[in-house]
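Report on the structure
Below are the chains, spelled out letter by letter.
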Amino acid sequence: MPALVRGDRLGGTLFALLSGGGDPEPAPSSPTSSAPSTPVDTPSAPPSPSGPSTINVDGLGLTGRSCEDALAVAAQAGLENVTCAPGNPAPSEDQIGQVYEVVPLGNVKPTDSVTLTSYAEQSPLDAPAAPTIQSNGQTVTSVTARSSVQVMWSSYSCPAGLTPSEYRFTVSGGTFANGQTTSSFSLNQRPATVTVGDSGALSVTYTVTCAGESGDRTSPVSSEAAATIQPAQSPQPSQPGNGGSNGGGNGNGSGNGSGSDD
């Protein structure tokens with residue numbers, strides 16, 4: 001009987017071992033190896049291109065451009081503080097608004113102040129004073145047909161940079177010494193001689209040409225000088241002449257003659 005019990009116990013033990021009963025021993029754990037940490041490079045933003053340290057203003061060609069164009073060229077070159085303002089009156093109409101002065105010149109920093117000056121509108125030209133029609137040095141308002149009279153005028157002041165170069169006259173009701181109704185004179189050719197026409201009215205106007213290096217400008221037309229043309233005096237007919245002559249003559253003659261015949 002005891003032998004049977006021991007056999008049953010042994011059989012149970014073998015069964016338990018073979019069937020996995022009981023708590024199994026944990027499997028030995030293998031050591032975990034961690035990969036070494038590698039620093040990650042974060043890409044940095046590319047450096048922004050830096051502008052030039054100085055800019056040669058002379059090489060930009062700003063003179064002769066309009067303010068708008070000059071400012072655009074300056075900004076494109078990197079200049080940050082550029083202004084443009086009108087200055088002197090333009091010598092000619094086609095130069096209005098053009099840059100004629102740049103300050104400073106040479107190399108400047110992008111933040112330096114640069115001033116551009118452009119031509120302003122032209123100074124207006126005033127109409128010259130009216131001429132006068134003279135006879136024997138006196139101003140007249142009535143002239144005789146086919147007579148000669150003189151035209152006198154005052155000196156004219158042109159704007160700065162211009163000088164009077166020509167006084168150009170136009171006459172109606174007469175002609176100048178050149179036989180034409182227009183003629184030009186300098187100031188030292190005063191007065192100008194005009195031959196009066198046959199009838200109507202004599203009138204004279206003129207303009208002044210102001211000359212300069214950049215071109216000529218012409219003034220407005222002056223006011224008119226006028227005189228009424230009076231007919232010339234007709235020559236008086238000659239009076240018939242009276243003449244008489246008296247003449248008389250007396251002649252006495254006598255003669256005596258005698259003869260004898262011997």
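Structural data are supplied above this passage.
Residues numbered from 1 in each chain as written. Predicted model: local features only at pLDDT ≥ 70, side-chain atom pairs only at ≥ 80, totals over all residues. Heavy atoms only, no water.

1. Some remarks on the sheet that holds strand 7 (residues 138-139)
Taken in spatial order, the five strands make up an open sheet running 7-6-9-13-11, and their pairing is antiparallel. Of all the strands in the sheet, just strand 7 and strand 11 (174-176) have a single pairing partner and so form its edges. Examined bridge by bridge, strand 6 (residues 132-135) and strand 7 share two bridges and lie antiparallel to one another. Its bridge partner lying in strand 7, Ser-135 is registered against Gln-138. (Pairing = 2+ DSSP bridges. Helix = DSSP H or I, 4+ residues; strand = E, 2+ residues; numbered from the N terminus.)

2. Quick notes on the environment of Gln-98
As for its position among the elements, Gln-98 is in the loop between strand 2 (81-89) and strand 3 (99-103). A residue is classified by how much of its surface remains accessible, and Gln-98, at 26% relative accessible area, is partly exposed. Between the alpha carbons of Gln-98 and Asp-69 there is a distance of 9.7 Å; along the sequence they are 29 residues apart. (Buried < 20%, exposed > 50% of the residue type's maximum accessible area, 1.4 Å probe, protein only.)

3. Observations concerning the nonpolar core
In this structure, Ile-133, Val-143, Phe-169 and Leu-202 are the most contacted members of the largest nonpolar core, which totals 27 residues. Contributing elements (two or more residues each) for this core: strand 9 (148-152), strand 10 (163-172), strand 13 (192-196), strand 14 (201-212) and strand 16 (225-230). For this core, the element with the highest residue contribution is strand 14, accounting for five residues. Formed by 14 residues, the second largest nonpolar core is a distinct cluster that contains Ile-55, Val-99, Val-114 and Leu-116. (Core = buried A, V, L, I, M, F, W, Y, C linked by side-chain atoms within 4.5 Å.)

4. Some words on the pairing of strand 6
Both strand 6 and strand 9 contribute to a ladder of three bridges, which runs antiparallel. When the bridges of strand 9 are listed, Thr-132 appears paired with Met-152. Taken together, strand 6 and the strand that follows it, strand 7, pair antiparallel across an intervening segment of two residues, in which Asn-136 is found at a positive phi of about 55 degrees.

5. A closer look at the side chain of Arg-217
Looking at the secondary structure, you find Arg-217 in strand 15 (residues 215-218). We note that Arg-217 is buried and unpaired, the nearest opposite charge coming from Glu-93 at a distance of 7.8 Å. A distance of 2.8 Å separates the side chain of Arg-217 from the backbone oxygen of Ser-123, its partner in a polar contact. Ignoring any residue separated from it by four or fewer positions in sequence, one finds Arg-217 in contact with Pro-91, Gln-122, Ser-123, Pro-124, Leu-125, Pro-159, Leu-162, Val-208, Thr-209 and Cys-210. (Lys, Arg positive; Asp, Glu negative; His and termini not counted. Salt bridge = Lys/Arg side-chain N within 4 Å of Asp/Glu carboxyl O. Polar contact = N/O pair within 3.5 Å; in protein donor to acceptor, adjacent residues only side chain to side chain. Contact = heavy atoms within 4.5 Å.)

No statement about biological role is implied by the geometric values presented.
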